[in-house]
Amino acid sequence: MAAFGTGAGRPLGGRGGSAGFRFTLYALLSVIVMYLDQRAHYLERVRYVLQAAAYPLELAVNSPPTAWRWLRESMQTRESLEAENARLRANARDLELRAMRYDALARENGELRGLREAVPPVADRWLPAEIVDIQLSSLRQRLLLNRGVANGVFRGQAVLDDKGLIGQTTHVGPWSAEVILITDPEHAVPVRVERTGLRTIAVGAGDTASLALPYLPGNADIKSGDLLVSSGLGGVFPEGYPVARVTEVHRDAVQPLAQVRAEPLAHVDTDSEVMLVWFRAGHPAAPAPAAGASGELKGGNPAMQPQATAPKSRAAPQAAPPAPPAPRSEPSRPLPTQATAASAPPTDSPPAAAAVPEQGQP
């Protein structure tokens, strides 16, 4: 009660102005600041300074959430990029394999088209075969094909490619066949020089780039660049199919035979497919039948028929042989020598032939 009486709870008069005075002062200060900002743009400068001072604080406050967001987005982006790269690599591998298959198919189609265009007219039908194995040594030149008896292949069948002769089948199995190449040392091909028609035999030399013609005489009409074609003899290869081209011709006055080399036209070392050919039996270019062990043909050509001959006319009766001359006496004279008697003509002429009685007379 005493406190209320003394006035201790009331503010002192000299400690501050009243609320109205402060409001008036602040309002006047605001008007002045607005006037100066309107005229000289002082607040823009102050705001610029304050913004520059507050920016580091804003960065410090916002850095942890921003860093976490960036890290999370980076991880997601990295995972998505890795997945996309893996998918693209798989697609690239598939495209490469597909392109390789397309290239192989295109090459195979090209080879088949080349084989089809190279089929001789004498061929009745043909069968493409893929080379499974190849042996190219100096003593053995063989191929293994993926066709056999199940496909109708037989022993001694001609094997060709789009450039020339390859060889012939030697051993035929159910699903495969072995082919001896024309370059094998044990193989011989009857050939003909296309320019001159000269026939001879081409023997394998043991390498894929050479054939030998060992049976030509030194004066044979053959020169480098001549084309050798099959002659059709031997019963295996057709007539007129390309075999090789002459590369070397050497003649020696001492040797009776010429040394001739030829290069096969078939691409033995690069081919991947060849063709097995069946020939028409009645075609003029079909292989001639081979002779047996006795040197005679097993059968003739049924198309060749005997020709009719003109009938023989009735012959006149022949005259009887002349009778020997009768001996007569001659004057004695010296005997001629043996040489004179052999060369001298006879002195006496034989008598005239006696008349032969006609048919029906006694």
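Summarised in this report is the structure supplied together with it.

Thresholds applied
- Residues numbered from 1 in each chain as written.
- Predicted model: local features only at pLDDT ≥ 70, side-chain atom pairs only at ≥ 80, totals over all residues.
- Heavy atoms only, no water.
- Pairing = 2+ DSSP bridges.
- Helix = DSSP H or I, 4+ residues; strand = E, 2+ residues; numbered from the N terminus.
- Buried < 20%, exposed > 50% of the residue type's maximum accessible area, 1.4 Å probe, protein only.
- Core = buried A, V, L, I, M, F, W, Y, C linked by side-chain atoms within 4.5 Å.
- Contact = heavy atoms within 4.5 Å.
- Axes fitted to C-alpha atoms, helices over the stretch in contact; angles between N-to-C directions.

1. Quick look at the sheet that holds strand 10 (residues 239–250)
Then comes step 1: In space, the six strands of this closed barrel follow the order 6-7-8-11-10-9, with antiparallel pairing throughout.
Then comes step 2: The pairing of strand 10 with strand 11 (residues 259–264) spans six bridges and is classified as antiparallel. Paired with H250 across the strands is Q259, a residue of strand 11.

2. Some words on the pairing of strand 11
Then comes step 1: Here strand 11 shows one buried face, formed by V260, A262 and P264, and one open face, formed by Q259, R261 and E263.
Then comes step 2: Two elements, strand 8 (residues 211–212) and strand 11, share two bridges in a ladder whose sense is antiparallel. Pairing of A212 across the sheet is with R261, part of strand 11.

3. Regarding the nonpolar core
When a protein is soluble and globular, its nonpolar side chains tend to lie buried together.
Then comes step 1: By size, the foremost hydrophobic cluster in this structure holds 26 residues, and its most contacted members are L165, L211, L213, I222, L228, V243 and V260.
Then comes step 2: For this core, the elements supplying multiple residues, two or more each, are strand 3 (158–160), strand 6 (188–193), strand 10, strand 11 and strand 12 (273–279).
Then comes step 3: Top contributing element to this core by residue count: strand 10, with four residues.
Then comes step 4: With residues up to four places along the chain from it excluded, the contact list for L211 reads I182, T183, A202, V203, G204, V243, A244, V260, R261, A262 and P264.
Then comes step 5: Judged by nonpolar contacts, the second largest core, of 16 residues, contains V159, A177, V179 and V268.

4. Notes on the sheet that holds strand 5 (residues 177–181)
Hydrogen bonds between backbone groups are what pair the strands of a sheet, and the pairing can be parallel or antiparallel.
Then comes step 1: Judged by pairing direction, the barrel is antiparallel, and its six strands sit side by side in the order 1-2-5-4-3-12 before closing back on the first. Recorded for the sheet is a direction-independent mean angle of 45° between the axes of neighbouring strands.
Then comes step 2: Relative to strand 12, strand 1 (residues 123–136) runs antiparallel, the two sharing seven bridges. Each bridged residue has a counterpart across the sheet, and for R125 the counterpart in strand 12 is W278.

These results come straight from atomic positions and should not be treated as a statement about function.
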